[in-house]
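# Observations on the model geometry
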Amino acid sequence: MATQQRVLKILVEAVDTLTADFDLIEFLHRLSVRCVELLSADAVGMMIVDQHGELQLIAASDERTRLLELFALQHDQGPCVRCYHSGEAQLNINLTSSAATADFGPFAARAREAGFTVTHALPMRLRREVIGAVNLFGTRLHHLSDSDTQIGQAIADVATIAILQQRTIEQGYAEKAQLQAALSNRVIIEQAKGILSERQNLGLDDTFDAMRAYARHRGLRVTELARQITDGTFDGDVTSVQSPVRPPHVAETPPAVPSRSGENTAGGPQTAQES
């Protein structure tokens, strides 16, 4: 009953992930400590994959140097790497067994030096997405029971939800910032159009086309050119670059007039020499 109450408390704490001022690292540290308490582990760490596809430590139950070194060794070898790639729990790995740790590189030897004899790794996943693994260490060859494994996986799932929630919030902030920047840039472009339209006696539509042509020719973004115009650092002539817009001072060719007797198609009467 006491264990169930502790697990429930952890789930209640997870609700805090929905707030804007949520401290993800602090929350994951608390989860690591709770995992030590609930599963009789001696140390716990959480590793997530970075943008390069390598596992990196994000939180641990304590900051002992030897423990942190064990996580640092698991970039491409170790129980967390195996767990991350397979998406399956790696349980009851005997660190004193050369057969069980044959593909772990120096990890097993360093773990034994740190006093650990058993390790477990639980996937941090939500449906098909695996983002890392929770690594448990013990100094006694104590196997996780089915119920302990379920509790550990529940904690890993809570950690996963917290991380993905934080990612969603940050992406939302980034998208809002991008939208606001786009709107701000649009305002600057409109201001620049007004300035140039008056300065060079162009229509607003023609001014924007001329700005685009000038910016392309000079290897600038339209927004960069607009900023130069509005802050007074631009002293060029946007009409100096040929654009698809016809400057207003160029006369248009009059349309042809249907041919009639005694007239040419340009609209003038034929002379005797022409006839």
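Criteria and cut-off values
- Residues numbered from 1 in each chain as written.
- Predicted model: local features only at pLDDT ≥ 70, side-chain atom pairs only at ≥ 80, totals over all residues.
- Heavy atoms only, no water.
- Buried < 20%, exposed > 50% of the residue type's maximum accessible area, 1.4 Å probe, protein only.
- Helix = DSSP H or I, 4+ residues; strand = E, 2+ residues; numbered from the N terminus.
- Pairing = 2+ DSSP bridges.
- 1 Å grid on protein atoms, 1.4 Å probe; cavity = no way out; pocket = protein on both sides within 12 Å on 5 of 7 lines; lining within 4 Å.
- Points joined across faces, edges and corners; volume = space filled by probe spheres on them.
- Nonpolar A, V, L, I, M, F, W, Y, C, P; charged D, E, K, R; others polar.
- Expected span 1.5 Å × (residues − 1).
- Salt bridge = Lys/Arg side-chain N within 4 Å of Asp/Glu carboxyl O.
- Axes fitted to C-alpha atoms, helices over the stretch in contact; angles between N-to-C directions.
- Arc of directions from axis to C-beta.
- Polar contact = N/O pair within 3.5 Å; in protein donor to acceptor, adjacent residues only side chain to side chain.
- Contact = heavy atoms within 4.5 Å.
- Core = buried A, V, L, I, M, F, W, Y, C linked by side-chain atoms within 4.5 Å.
- pLDDT = per-residue confidence, 0-100.

## Re unusual backbone geometry
One non-glycine residue with positive phi stands out, namely serine 40, at about 55°. Given the relative accessible area of 46%, serine 40 is considered partly exposed. Of note, arginine 127 is a non-glycine position whose phi angle comes to about 55°, a positive value. With respect to the helices and strands, arginine 127 occurs in the loop between strand 4 (118-126) and strand 5 (129-138). Classification of arginine 127 by relative accessible area gives exposed; the value is 72%.

## Concerning the pairing of strand 1 (residues 43-49)
Regular strands place their side chains on alternate faces of the sheet. Of all the 7 residues making up strand 1, 6 are buried; the element is thus mostly covered by neighbouring parts of the structure. When strand 1 meets strand 5, the two strands line up antiparallel, connected through 6 bridges. Opposite methionine 47, over in strand 5, you have alanine 133 as the bridge partner. Note: strand 1 against strand 2 (residues 55-60), 5 bridges, orientation antiparallel. When the bridges of strand 2 are listed, valine 49 appears paired with leucine 55. In sequence, strand 1 turns back onto strand 2 through a hairpin of 5 residues, with glycine 53 there showing a positive phi of about 85°.

## Here we look at empty space enclosed by the protein
Scanning the entire structure with this criterion turns up 1 cavity of 30 Å³ or more. By volume, the largest cavity is sized at about 80 Å³. Contributions of two or more residues to the lining of the largest cavity are made by strand 4 and strand 5. Per-element tally for the lining of the largest cavity: the top contributor is strand 5, with 3 residues. For the lining of the largest cavity, a count of residues per class yields 6 nonpolar, 5 polar and 2 charged.

## Some points on helix 6 (residues 146-200)
Across its 55 residues, helix 6 extends 79 Å between first and last C-alpha, which sits within 8% of the 81 Å expected from 1.5 Å per residue. Positive phi appears at asparagine 201, one or two residues downstream of helix 6, with a value of about 55°.

## Some thoughts on the pattern of salt bridges
In this structure the tally under the stated criterion is 9 salt bridges. Across the pair arginine 30 and glutamate 26 runs a salt bridge whose closest N-O atoms are separated by 3.8 Å. Placement of the pair is arginine 30 and glutamate 26 together in helix 2 (residues 24-39), with a separation of 4 residues, close to one helical turn. For arginine 30, a relative accessible area of 24% corresponds to the partly exposed category.

## Quick look at the sheet that holds strand 5
Taking strand neighbours across the sheet as the criterion, the 5 strands line up as 2-1-5-4-3 in an open arrangement whose pairing is antiparallel. Across the chains shown, the open sheet's two edge strands, defined by having one partner strand only, are strand 2 and strand 3 (90-94). On average, each strand axis in the sheet is tilted by 25° relative to the strand beside it, whichever way the strands run.

## Examining helix 2
Taking 1.5 Å as the rise per residue, helix 2 with 16 residues should run 22 Å; its terminal C-alpha atoms sit 22 Å apart, in good agreement. Those residues of helix 2 lying buried are Leu24, Phe27, Leu28, Leu31, Ser32, Arg34, Cys35, Leu38 and Leu39. The buried residues of helix 2 occupy an angular sector of 165° when projected down its axis, which confines them to one face. Looking at the residues trailing helix 2, positive phi occurs at serine 40, about 55°.

## Focus: the side chain of glutamine 90
Within the secondary structure, glutamine 90 sits in strand 3. A relative accessible area of 13% means that glutamine 90 is categorised as buried. A polar contact is formed between the side chain of glutamine 90 and the side chain of serine 86, at a distance of 3.4 Å. If near-sequence neighbours (up to four positions away) are discounted, glutamine 90 is found in contact with Pro79, Arg82, Cys83, Thr119, His120 and Ala121.

## Here we look at the nonpolar core
The biggest cluster of nonpolar side chains holds 27 residues, and the ones touching the most others in it are Leu28, Leu31, Met46, Met124 and Leu136. For this core, the secondary-structure elements that each account for two or more residues are helix 2, strand 1, strand 2, strand 4, strand 5 and helix 6. The element contributing the most residues to this core is helix 6, with 8 residues. Sequence-distant contacts of methionine 46, that is, excluding residues within four places in its chain, are made with Leu28, Leu31, Ser32, Gln56, Leu57, Ile58, Ala59, Met124, Ala133, Val134, Ile155 and Ala159. Counting 21 residues, the second largest nonpolar core, distinct from the first, contains Phe71, Cys83, Ala108 and Phe116.

## Let's talk about the confidence of the model for the chain
For the chain, mean pLDDT is 82; residues scoring 70 or higher make up 83% of the total. Per-element averaging of pLDDT across the chain places helix 1 (residues 2-14) at the bottom with 69 and strand 3 at the top with 96. Here residues 245-253 is modelled with pLDDT under 50, and outside its nearest four sequence neighbours on either side it reaches 6 contacts, counting other chains as well. Between residues 261-275, whose pLDDT stays under 50, and residues either more than four places distant or in other chains, the model counts 12 contacts.

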